[in-house]
Amino acid sequence: MAINKAMRAALKTIAYLNLNVDIKKSYKVERHFENLGARLRPIPAEYSVWDHVVSSGDYEIPVRVFLPKKGKPRRLLLFFHGGGWVLGSIESYTEMCTRLAGATSSIVVSVDYRLAPEYKFPTAPEDCYAVARELFMGNSLLNVNPANITIIGDSAGGNLAAAVSLMARDRGEFLPPRQILIYPATAADHSENSPFESIRTNGYDYLLTSKRVEDMLELYKGSGADSVNPYFAPLEASDLSRQPRTLIITAEYCPLRDEGEFYGKRLETAGNQVEVYRMKDAFHAYMMLPPRFVHVKKTYELINNFLDN
């Protein structure tokens, strides 16, 4: 289903507003309204939802666990939310995580990692790694066979999922068997100098702008050296061997499309099993739409096929 004229006009309007809003000044207000709206939406009665914490040093990382009440979950999805490392939370992603749990017959564990600019890189990937370590090392959170755990994230969360897989390989404590990256951010440069054409062709009129990505990365970055750190920008990794079996889903009208697909090619060249799918006529963050939308339905189909094989 192609993007119709009304939707295209709406996306262009939102993109125009994003171009003229300084996220460095507006992020607190955006967070407030994002979480307020999420709390006004009730959790469907067919799901059990409970909150937990994972200790990491002297900090306790909040996580939210989603479980369909009907049927027996076949696996666990460890979910890292999007929001450009600055926005997003377990509150704002609760609706999406309930849908994900039901559509995949899975336990979903959503991580409320600390956000920039209050907490710069590498706080977010370290928080995500700490929760992954607890799950994969068989500690107190849930008694789940590591072979049945998949890490998954969208946008900045896809970036964090890729980073956690690289950290896991480098630290040698565990290695996720599978990762799912949905329209992931994998590069450090989203300016006009980017080598990826989608930054220019899709960076102005389709909801997410390349300028907004650049501004969020500046808020997230702890120092100039972070730009070449593979845990900050996974495409900076010189070695992408020994990575999980990977599913990458990009959106046709997303500025991050080309870097996500190129990350898939790099992973495949390094000897990993990779599936890359470009969602036709889709834009960034389409997974926040209701499940009746064709792109959302297709994504759940792709995820289930990936998990079942």
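Every chain is numbered on its own, with residues counted from 1 as its sequence reads. Residue-level local features of this predicted model are given only where pLDDT is at least 70; pairs of side-chain atoms are given and counted only at 80 or more, and the full residue set underlies all totals for whole chains, interfaces and linings. Think of the side-chain values as coming from all heavy atoms in the structure, minus any hydrogens and water.

1. Remarks on helix H9 (residues 294–308)
Item 1. With 15 residues, H9 ought to run about 21 Å at 1.5 Å a step, and its terminal C-alpha atoms sit 21 Å apart, in line with that.
Item 2. Exposure is judged per residue with a 1.4 Å probe applied to protein chains only, and the accessible area is read against the type maximum: over 50% gives exposed, under 20% gives buried, and values in between give partly exposed. Helix and strand assignments come from DSSP, with helices taken as H or I runs of at least 4 residues and strands as E runs of at least 2, each series counted from the N terminus. The complete set of buried residues in H9 reads His295, Val296, Thr299, Tyr300, Leu302, Ile303, Asn304, Phe306 and Leu307.
Item 3. Residues count as neighbours in contact if any of their non-hydrogen atoms are within 4.5 Å of one another. Along its buried surface, H9 packs onto strand S3 (75–80), helix H3 (94–104), strand S5 (149–154), strand S6 (178–182), strand S7 (245–251) and strand S8 (274–279). Multiply 1.5 Å by the residue count of a helix minus one, and that product is the helix's expected span.

2. Points about a nonpolar patch on the surface
Item 1. Within the patch definition used here, like charges are joined within 9 Å and nonpolar side chains (Val, Leu, Ile, Met, Phe, Trp, Tyr) within 5 Å, considering only residues with over 30% relative accessible area and no salt bridge. Surface exposure here means Shrake-Rupley accessible area, sampled with a 1.4 Å probe, where a residue is shielded only by the protein chains that are shown. Any carboxyl oxygen of Asp or Glu that lies within 4 Å of a side-chain nitrogen of Lys or Arg is treated as forming a salt bridge with it. Together, Val29, Phe33, Leu36 and Leu40 make up a nonpolar patch on the protein surface, roughly 430 Å² of accessible area in all.
Item 2. Following the sequence through the fold, Leu36 ends up in helix H2 (residues 23–39).

3. Description of the packing of aromatic side chains
Item 1. The pairing test for Phe, Tyr and Trp rings, Trp by its six-membered ring, is centres within 6.5 Å, and the orientation test on the planes gives stacked under 30 degrees, edge-to-face over 60, and tilted for anything in between. Here the structure, examined in full by the defined rule, presents ten aromatic pairs.
Item 2. Between Phe136 and Phe174 the ring centres are 5.1 Å apart and the planes differ by 5°, which places this aromatic pair in the stacked class. Note that Phe136 is positioned in helix H4 (residues 123–136) and Phe174 in the loop between helix H5 (156–171) and S6, a separation of 38 residues in sequence.
Item 3. Take Phe174: its relative accessible area is 10%, and that puts it in the buried class.

4. Focus: the sheet that holds S8
Pairing between the strands of a sheet comes from backbone hydrogen bonds, and it takes one of two forms, parallel or antiparallel.
Item 1. Two strands pair under a simple rule: DSSP has to find at least two bridges between them. Strand order in this open sheet of eight strands is S1-S2-S4-S3-S5-S6-S7-S8, and the pairing throughout is mixed. Unpaired on one side and paired on the other, strand S1 (47–56) and S8 mark the two borders of the sheet. Adjacent strand axes in the sheet meet at a mean angle of 20° when their direction is disregarded.
Item 2. Two strands pair when backbone bridges link them, and S5 and S6 are joined in this way by five bridges, in the parallel orientation. Residue pairing in the sheet places Thr150 in a bridge with Arg178 of S6.
Item 3. Taken strand by strand, helix H8 (residues 257–269) contacts S6, S7 and S8, and its axis lies near 160° from that of S7. Here an angle of 0 to 180 degrees is reported between the N-to-C directions of two axes, which are lines fitted to C-alpha atoms, with helices fitted over the stretch in contact.

5. Considering the environment of Arg242
Item 1. You can see Arg242 is positioned in the loop between helix H7 (210–220) and S7.
Item 2. Sequence-wise, Arg242 and Ser165 are 77 residues apart; in three dimensions their C-alpha atoms are separated by 9.2 Å.
Item 3. What Arg242 contacts, discounting residues up to four positions off in sequence, is Arg169, Leu175 and Asn272.

6. Some details on the side chain of Asn272
Item 1. In this structure, Asn272 sits in the loop between H8 and S8.
Item 2. Residue class for Asn272 comes out buried when judged on its relative accessible area of 9%.
Item 3. Side-chain polar atoms of Asn272 contact the backbone oxygen of Leu240, separated by 2.7 Å.
Item 4. A distance of 2.8 Å separates a polar atom in the side chain of Asn272 from the backbone oxygen of Leu267. Under the rule applied, a polar contact is a pair of N or O atoms within 3.5 Å (in protein, one hydrogen donor and one hydrogen acceptor; residues adjacent in sequence only if both atoms are side-chain atoms).

7. Looking at the pairing of S8
Item 1. As defined by bridge partners, S7 adjoins S8 across six bridges and the pair is classed as parallel. From the neighbouring strand, Ala251 faces S8, where its bridge partner is Met279.
Item 2. Crossover S7 to S8 through H8 is right-handed. The definition of a right-handed crossover adopted here requires that, viewed with the strands pointing away, the path from the first strand over the helix to the second runs clockwise.

8. Overview of the nonpolar core
Side chains of a nonpolar character, in soluble globular proteins, are inclined to be buried together.
Item 1. Grouped together as the largest cluster of nonpolar side chains are 92 residues, with contacts concentrated most on Leu76, Leu78, Phe80, Val111, Tyr220, Tyr263 and Tyr286.
Item 2. It is H5 that provides the largest number of residues to this core, a total of nine residues.
Item 3. Excluding residues that lie within four positions of it along the chain, Tyr286 makes contacts with Tyr183, Ile249, Ala251, Met279, His295, Val296 and Thr299. By convention a nonpolar core is built from buried Ala, Val, Leu, Ile, Met, Phe, Trp, Tyr and Cys residues, the set being connected through side-chain atoms within 4.5 Å.

9. Digging into the environment of Ala124
Item 1. As for its position among the elements, Ala124 is in helix H4.
Item 2. Beyond its immediate stretch of four places on either side in the chain, Ala124 contacts Tyr113, Arg114, Leu160 and Tyr220.

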